[in-house]
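Read off the chains here:
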Amino acid sequence: MKEDSRLPHYEFSDKYDPKHAKQYFEKHHASLGDRFITWRETAMVREALVMAGRPSTVLDLPCGTGRFWAMLAEEPNRRIYAADNSQAMIDEGLRMRPPAVTSRLAGTYQCSAFATGLPDKFVQCVCSIRLMHHIEKSEDRILMLKEFARVSADTVIVTLWVDGNLGAWQRARLEERRRSAGKTASVNRLVIPRAQFEREVAAAGLQIVGHVDFLKRIDKKRAYVLRVPRS
Ligand SMILES: C[S@@+](CC[C@H](N)C(=O)[O-])C[C@H]1O[C@@H](n2cnc3c(N)ncnc32)[C@H](O)[C@@H]1O
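Residues numbered from 1 in each chain as written. Predicted model: local features only at pLDDT ≥ 70, side-chain atom pairs only at ≥ 80, totals over all residues. Heavy atoms only, no water.

Some thoughts on the nonpolar core
The line we're drawing: Joining through side-chain atoms within 4.5 Å is the link that ties buried Ala, Val, Leu, Ile, Met, Phe, Trp, Tyr and Cys residues into a set, and such a set is a nonpolar core. Here's how the labels work: a residue is buried when its accessible area is under 20% of the maximum for its type, exposed when over 50%, partly exposed in between, all with a 1.4 Å probe on protein chains only. A run of H or I in DSSP counts as a helix once it spans at least four residues, and a run of E counts as a strand once it spans at least two, with each numbered from the N terminus. By definition, residues are in contact when any of their heavy atoms lie within 4.5 Å.
By size, the foremost hydrophobic cluster in this structure holds 40 residues, and its most contacted members are Leu59, Met132, Leu145, Phe148, Val158, Phe197 and Leu206. Elements with a contribution of two residues or more to this core: helix H1 (18-30), strand S2 (79-84), helix H4 (87-96), strand S4 (123-128), helix H6 (138-151), strand S5 (152-161), helix H8 (194-203) and strand S7 (221-227). Top element by residues in this core is H6. It accounts for 6 residues. Not counting residues up to four positions away in its chain, the partners in contact with Leu59 are Tyr81, Ala82, Ala83, Leu118, Val123, Cys125, Val126, Cys127 and Val151. Leu49, Trp69, Ala82 and Val225 belong to the second-largest nonpolar core, a separate cluster that totals 25 residues.

This is the structure:
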């Protein structure tokens, strides 16, 4: 599909071709460490979904290769939709996940999270895991949050990297070392200060219900549960 040149473009989005999709799927099953991360991340998002009121329709955006489809399918009556900018990632998930899980998908869509093309209030909850920490510009994060707020009738779950923990401190040191070595700071993935992100949430017209941390004060990954005000 041809990309809309009016939408923000991030270079990292271009890397998810069929080869990378296969590697992405395999990487998350490879080591004990990677499997622990997925296990804990899954528990974090499961808890966020309970905080969101166990929504019966969920859009997983970006779904990647479907790391969270089995967990989303734990609610037997839930309708699950999956979307991603990369058709290769969706296809790899459909190919590799068990049929009992993929058969629970009510629809898949190749689209940008900045403009999905999906109807207003399409689902009760938009669940966005591991995308926001790639979005460098504040105005782009607000644009994305507004799109999630439009597509959801009730809640939005967003994971990102936040400050105020050991992981963020280590990341800042790494960036500092890169700068002193004359390398440009990595903008591929970034820590977003909590206070700033919470202002962006308000700017997008969303309200904070709560959050779940991956490992409180240790790790930088956090899931925010946001509410779409009733109109
Ligand atoms: C790090 S992966 C995360 C996938 C999945 N949520 C997970 O945690 O396994 C990032 C995903 O974002 C997708 N992506 C990148 N830019 C995007 C955009 N502008 N809109 C929607 N998806 C995007 C990529 O294709 C990729 O599948």
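Thoughts on the pairing of S7
Put simply, the rule reads: Between any two strands, at least two bridges found by DSSP are needed for them to pair.
Most of S7 is tucked away, with 6 of its 7 residues classed as buried. Here S5 pairs with S7 via 7 bridges, running antiparallel. Looking at S7, one finds that Val158 is bridged to Tyr224. Pairing geometry for strand S6 (residues 207-213) and S7, over 6 bridges, is antiparallel. Bridge pairing links His211 to Tyr224 in S7.

Some points on the sheet that holds S7
Spelled out, the test is: With axes taken as lines fitted to C-alpha atoms, and helix axes fitted only over the stretch in contact, angles between N-to-C directions fall between 0 and 180 degrees.
In spatial order, the strands read S3-S2-S1-S4-S5-S7-S6; together these 7 strands make up an open sheet with mixed pairing. The open sheet has two free edges, formed respectively by strand S3 (105-110) and S6, since each of these has just one partner strand. Shown here is a sheet whose adjacent strand axes are inclined to one another by a mean of 20 degrees, direction ignored. The pairing of S4 with S5 spans 5 bridges and is classified as parallel. Residue Val126 lies in a different strand from S5, and its bridge partner there is Val156. Strand contacts of H6: strand S1 (57-60), S4, S5 and S7, with the helix running at about 150 degrees to S5, the strand carrying the most contacts.

Some remarks on the packing of H1 against helix H2 (residues 32-51)
The description of two helices packed together rests on the angle between their axes and the distance between the axes. We count it as follows: An angle below 35 degrees is read as roughly parallel, one above 145 as roughly antiparallel, one from 65 to 115 as roughly perpendicular, and any other as oblique. Here the nonpolar group is Ala, Val, Leu, Ile, Met, Phe, Trp, Tyr, Cys and Pro; Asp, Glu, Lys and Arg are the charged ones; every other residue, Gly included, is treated as polar.
Close contact between H1 and H2 brings their axes to 5 Å; oriented N to C, the two are set at 95 degrees. The orientation of H1 with respect to H2, classified from their angle, is roughly perpendicular. Facing H1, whose interface residues are Lys27, His28, His29 and Ala30, H2 presents Leu32, Asp34, Arg35 and Thr38. Among the residues forming the contact of H1 with H2, the class breakdown is 2 nonpolar, 3 polar and 3 charged.

Focus on H8
Our working definition: Comment: arc refers to directions from the helix axis out to C-beta atoms.
Among the residues of H8, those classed as buried are Phe197, Glu200 and Val201. Down the axis of H8, the buried set is contained in an arc of 105 degrees. They therefore lie on one face. Exposed residues on H8 whose side chains face more than 90 degrees from its buried face are Arg199 and Ala202. In the core, the buried residues of H8 are packed alongside H6, S5, S6 and S7. At the C-terminal side of H8, Gly205 shows a positive phi close to 80 degrees.

Some thoughts on the site of the ligand
Stated precisely, the cut-off is as follows: Put simply, a residue is near a molecule or strand once any heavy atom of it comes within 4 Å of that molecule or strand. Contacts described as polar in this section are N or O atom pairs within 3.5 Å, which, within protein, must combine one atom able to donate a hydrogen with one able to accept it, while residues neighboring in sequence count only if both atoms come from side chains.
Lining the immediate surroundings of the ligand are 20 residues, of which Ser13, Pro62, Arg67, Asp84 and Ile129 lie closest. Measuring from a nitrogen atom of the ligand, one finds a backbone N or O atom of Pro62 at 2.7 Å. Between the ligand and Asp84 there is a distance of 2.5 Å, counted from an oxygen atom to a side-chain nitrogen or oxygen. A per-class count over the shell around the ligand returns 12 nonpolar, 5 polar and 3 charged.

A closer look at H6
Rules: Helix span, as expected, comes to 1.5 Å for every residue beyond the first.
Given a rise of 1.5 Å per residue, 14 residues ought to cover 20 Å, and the 20 Å separating the end C-alpha atoms of H6 matches this to within 8%. Considered for burial, the residues of H6 that qualify are Asp140, Arg141, Ile142, Met144, Leu145, Glu147, Phe148, Ala149 and Val151. Here the buried face of H6 lies against S1, S4, S5, H8 and S7.

Here we look at the packing of aromatic side chains
Inclusion rule: Aromatic rings from Phe, Tyr and Trp, taking only the six-membered ring of Trp, are treated as a pair when their centres fall within 6.5 Å; an angle between ring planes under 30 degrees marks them as stacked, one over 60 as edge-to-face, and anything in between as tilted. Both a distance and an angle decide whether a charge sits over a ring: NZ of Lys or CZ of Arg must be within 6 Å of the ring centre and within 35 degrees of the ring normal.
This model, assessed by the stated rule, comprises 9 aromatic pairs. For the pair Phe12 and Tyr16, a centre-to-centre distance of 6.3 Å together with 90 degrees between the ring planes defines the contact as edge-to-face. Each member of the pair Phe12 and Tyr16 is classed as buried. Three or more aromatic residues joined by ring pairs make a cluster, and in this case those are Phe12, Tyr16 and Tyr24. Its end group placed over the ring of Trp161, Lys220 keeps NZ or CZ at 4.3 Å from the ring centre.

These values are about where atoms sit, not about what they do.
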